[in-house]
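Below, each chain spelled out in residue letters.
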Amino acid sequence: MTILFTIATVFLYIPFLLFIIVYLFLLKSKKQKALVLASDVTTFLLFFSVPASVEFLWGLSISAYIYFVALVLAIILLVIEWRNTKELEIIPFFRKLWRTYFLLLASLYALVWIVGLISIIVKSI
(Lines give C-alpha, C1' and ligand atoms only; values in the text may rest on other atoms or scores of the structure.)
Protein backbone atom coordinates (compact mmCIF):
# COMPACT_ATOMS: atom_id res chain seq x y z
CA MET A 1 0.00 0.00 0.00
CA THR A 2 2.90 2.34 0.73
CA ILE A 3 4.25 1.80 -2.78
CA LEU A 4 0.93 2.86 -4.34
CA PHE A 5 0.82 5.94 -2.13
CA THR A 6 4.37 6.83 -3.15
CA ILE A 7 3.61 6.38 -6.84
CA ALA A 8 0.47 8.52 -6.53
CA THR A 9 2.42 11.24 -4.72
CA VAL A 10 5.14 11.26 -7.38
CA PHE A 11 2.55 11.60 -10.14
CA LEU A 12 0.76 14.32 -8.16
CA TYR A 13 3.85 16.50 -7.91
CA ILE A 14 5.35 15.53 -11.29
CA PRO A 15 2.31 15.04 -13.58
CA PHE A 16 4.36 15.25 -16.77
CA LEU A 17 6.02 12.01 -15.79
CA LEU A 18 2.61 10.38 -16.23
CA PHE A 19 2.21 12.26 -19.53
CA ILE A 20 5.49 10.82 -20.83
CA ILE A 21 4.69 7.29 -19.62
CA VAL A 22 1.20 7.28 -21.17
CA TYR A 23 2.51 8.83 -24.39
CA LEU A 24 5.30 6.28 -24.78
CA PHE A 25 2.97 3.40 -23.90
CA LEU A 26 0.34 4.46 -26.44
CA LEU A 27 2.83 5.43 -29.12
CA LYS A 28 3.21 1.78 -30.14
CA SER A 29 -0.49 1.02 -30.50
CA LYS A 30 -2.26 4.32 -31.25
CA LYS A 31 0.23 6.62 -32.93
CA GLN A 32 -2.32 9.25 -33.99
CA LYS A 33 -4.05 9.53 -30.63
CA ALA A 34 -1.11 9.03 -28.26
CA LEU A 35 -0.56 12.74 -27.64
CA VAL A 36 -4.27 13.45 -27.24
CA LEU A 37 -4.86 10.62 -24.77
CA ALA A 38 -1.74 11.46 -22.77
CA SER A 39 -2.83 15.08 -22.46
CA ASP A 40 -6.36 14.02 -21.44
CA VAL A 41 -5.05 11.83 -18.63
CA THR A 42 -2.62 14.51 -17.50
CA THR A 43 -5.33 17.20 -17.48
CA PHE A 44 -7.27 15.31 -14.83
CA LEU A 45 -4.13 15.02 -12.73
CA LEU A 46 -3.23 18.70 -13.22
CA PHE A 47 -6.51 19.75 -11.56
CA PHE A 48 -5.09 18.30 -8.34
CA SER A 49 -1.40 18.86 -8.99
CA VAL A 50 -1.44 22.64 -9.39
CA PRO A 51 -3.20 23.35 -6.06
CA ALA A 52 -1.04 20.73 -4.31
CA SER A 53 2.13 22.31 -5.69
CA VAL A 54 1.09 25.80 -4.59
CA GLU A 55 0.22 24.50 -1.13
CA PHE A 56 3.53 22.64 -0.92
CA LEU A 57 5.59 25.66 -1.96
CA TRP A 58 3.77 28.53 -0.25
CA GLY A 59 1.15 27.02 2.05
CA LEU A 60 -1.77 28.59 0.17
CA SER A 61 -4.95 26.71 -0.65
CA ILE A 62 -6.11 27.66 -4.16
CA SER A 63 -8.23 24.62 -5.04
CA ALA A 64 -11.51 26.53 -4.90
CA TYR A 65 -10.12 29.29 -7.13
CA ILE A 66 -8.90 26.79 -9.73
CA TYR A 67 -12.28 25.05 -9.87
CA PHE A 68 -14.15 28.36 -9.95
CA VAL A 69 -12.04 29.66 -12.86
CA ALA A 70 -12.55 26.33 -14.67
CA LEU A 71 -16.32 26.65 -14.24
CA VAL A 72 -16.39 30.28 -15.42
CA LEU A 73 -14.18 29.40 -18.39
CA ALA A 74 -16.54 26.55 -19.31
CA ILE A 75 -19.51 28.92 -19.19
CA ILE A 76 -17.74 31.54 -21.32
CA LEU A 77 -16.64 28.99 -23.91
CA LEU A 78 -20.14 27.48 -23.95
CA VAL A 79 -21.71 30.86 -24.69
CA ILE A 80 -19.16 31.52 -27.45
CA GLU A 81 -19.78 28.09 -28.96
CA TRP A 82 -23.54 28.55 -28.70
CA ARG A 83 -23.38 31.89 -30.55
CA ASN A 84 -21.11 30.57 -33.32
CA THR A 85 -22.95 27.35 -34.12
CA LYS A 86 -26.61 26.66 -34.65
CA GLU A 87 -26.53 23.28 -32.96
CA LEU A 88 -24.34 22.72 -29.96
CA GLU A 89 -22.51 19.40 -30.07
CA ILE A 90 -21.61 18.34 -26.56
CA ILE A 91 -18.72 15.90 -27.14
CA PRO A 92 -16.67 18.20 -29.43
CA PHE A 93 -17.31 21.07 -27.00
CA PHE A 94 -16.02 19.03 -24.06
CA ARG A 95 -12.94 18.05 -26.08
CA LYS A 96 -12.15 21.71 -26.78
CA LEU A 97 -12.78 22.63 -23.16
CA TRP A 98 -10.63 19.77 -21.83
CA ARG A 99 -7.75 20.69 -24.16
CA THR A 100 -8.04 24.32 -23.10
CA TYR A 101 -7.85 23.20 -19.47
CA PHE A 102 -4.71 21.22 -20.32
CA LEU A 103 -2.99 24.21 -21.87
CA LEU A 104 -3.92 26.55 -19.04
CA LEU A 105 -3.15 24.15 -16.20
CA ALA A 106 0.13 22.99 -17.74
CA SER A 107 1.20 26.62 -18.14
CA LEU A 108 0.15 27.41 -14.59
CA TYR A 109 1.98 24.33 -13.29
CA ALA A 110 5.18 25.34 -15.10
CA LEU A 111 4.86 28.92 -13.84
CA VAL A 112 4.32 27.78 -10.23
CA TRP A 113 7.39 25.58 -10.26
CA ILE A 114 9.61 28.14 -12.00
CA VAL A 115 8.61 30.83 -9.49
CA GLY A 116 8.98 28.31 -6.66
CA LEU A 117 12.48 27.35 -7.76
CA ILE A 118 13.50 30.97 -8.14
CA SER A 119 12.18 31.82 -4.68
CA ILE A 120 14.00 28.86 -3.14
CA ILE A 121 17.25 29.88 -4.86
CA VAL A 122 16.84 33.47 -3.72
CA LYS A 123 16.16 32.39 -0.13
CA SER A 124 19.23 30.17 -0.08
CA ILE A 125 21.58 32.94 -1.24
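Everything numeric in this text was worked out from a predicted model, so none of it was measured. (Residues numbered from 1 in each chain as written. Predicted model: local features only at pLDDT ≥ 70, side-chain atom pairs only at ≥ 80, totals over all residues. Heavy atoms only, no water.)

Asker: In this structure, what is going on with the side chain of Thr42? I would like to understand it.
Answerer: With respect to the helices, strands and loops of the structure, Thr42 is situated in helix α3 (residues 34-58). Here Thr42 falls in the buried class, since its relative accessible area comes to 0%. Other than its neighbours up to four places away in sequence, Thr42 contacts Pro15, Phe16, Phe19 and Phe102. (Helix = DSSP H or I, 4+ residues; strand = E, 2+ residues; numbered from the N terminus. Buried < 20%, exposed > 50% of the residue type's maximum accessible area, 1.4 Å probe, protein only. Contact = heavy atoms within 4.5 Å.)

Asker: What should I look at first to understand the nonpolar core in this one?
Answerer: For soluble globular proteins, the rule of thumb is that nonpolar side chains tend to be buried together. In terms of nonpolar packing, the biggest core is built from 26 residues, with Leu46, Phe47, Val50, Ile66, Tyr101 and Leu105 touching the most fellow members. Residue contacts for Tyr101: discarding those within four places in its chain leaves Thr43, Phe47, Ala70, Leu71, Leu73, Ala74 and Ala106. (Core = buried A, V, L, I, M, F, W, Y, C linked by side-chain atoms within 4.5 Å.)

Asker: Where do I start with α3 in this structure?
Answerer: Note that an α-helix has 3.6 residues per turn; residues three or four places apart therefore point the same way. Counted at 1.5 Å a residue, the expected span for α3 with its 25 residues is 36 Å, and the 34 Å between its end C-alpha atoms agrees. The sharpest bend along α3 comes to roughly 40°, located at Leu45. (Expected span 1.5 Å × (residues − 1). Bend = angle between axes of the 7 residues up to and from the residue.)

Asker: So what exactly am I meant to see when it comes to the packing of helix α2 (residues 15-27) against α3 here?
Answerer: Describing two packed helices takes the angle between their axes plus the distance from one axis to the other. Where α2 contacts α3, the axes come no closer than 8 Å and their chain directions differ by 160°. If you check the angle between α2 and α3, you find them roughly antiparallel. Classified by chirality, the crossing of α3 by α2 is right-handed. Residues Pro15, Phe16, Leu18, Phe19, Val22, Tyr23, Leu26 and Leu27 of α2 form the contact with α3, whose participating residues are Ala34, Leu35, Leu37, Ala38, Ser39, Val41, Thr42, Leu45, Leu46 and Ser49. Classifying every residue of the contact of α2 with α3 by side-chain character gives 15 nonpolar, three polar and no charged. (Axes fitted to C-alpha atoms, helices over the stretch in contact; angles between N-to-C directions. Parallel < 35°, antiparallel > 145°, perpendicular 65-115°, else oblique. Left-handed = near helix turned anticlockwise from the far one by under 90°. Nonpolar A, V, L, I, M, F, W, Y, C, P; charged D, E, K, R; others polar.)

Asker: Whenever I open this one, the UniProt feature "transmembrane region" (unreviewed entry) in the protein confuses me. Can you help?
Answerer: Sequence positions flagged by UniProt for "transmembrane region" (unreviewed entry) are, in local numbering, residues 6-27, 34-50, 56-80 and 101-122. Annotation note: span residues 6-27, helix share 95%, strand share 0%, distance between end C-alpha atoms 26 Å. For residues 56-80, the helix share is 84%, the strand share is 0%, and the end-to-end C-alpha distance is 36 Å. (UniProt positions renumbered as here; feature names shortened; annotations may be inferred.)

Asker: I would appreciate a short explanation of the packing of aromatic side chains in the present structure.
Answerer: The full count for this structure, using the stated rule, is 13 aromatic pairs. An aromatic cluster is defined as three or more aromatic residues linked by ring pairs; in this entry it consists of Tyr13, Phe16, Phe19, Tyr23, Phe56, Phe102, Tyr109 and Trp113. (Phe/Tyr/Trp six-rings, centres within 6.5 Å; stacked < 30°, edge-to-face > 60°.)

Asker: Looking at this model, I keep getting lost on the pattern of salt bridges. Mind explaining?
Answerer: For side chains of opposite charge, pairing can occur when their charged atoms come near one another. In the structure shown here, the tally under the stated rule is two salt bridges. With its nearest N and O atoms 3.8 Å apart, the salt bridge here joins Asp40 to Arg99. Taken together, the positions of Asp40 in helix α3 and Arg99 in helix α5 (residues 90-124) put the pair 59 residues apart, joining distant regions of the chain. Relative accessible area serves as the criterion here: at 22%, Asp40 is assigned to the partly exposed category. Looking at Arg99, the relative accessible area reads 31%, which means it is partly exposed. In this structure, Lys96 and Glu81 form a salt bridge, with 3.3 Å as the shortest nitrogen-oxygen distance. Here Lys96, found in helix α5, pairs with Glu81, found in helix α4 (residues 63-84); they are 15 residues apart in sequence, far enough to count as distant. Classification of Glu81 by relative accessible area gives buried; the value is 16%. (Salt bridge = Lys/Arg side-chain N within 4 Å of Asp/Glu carboxyl O.)

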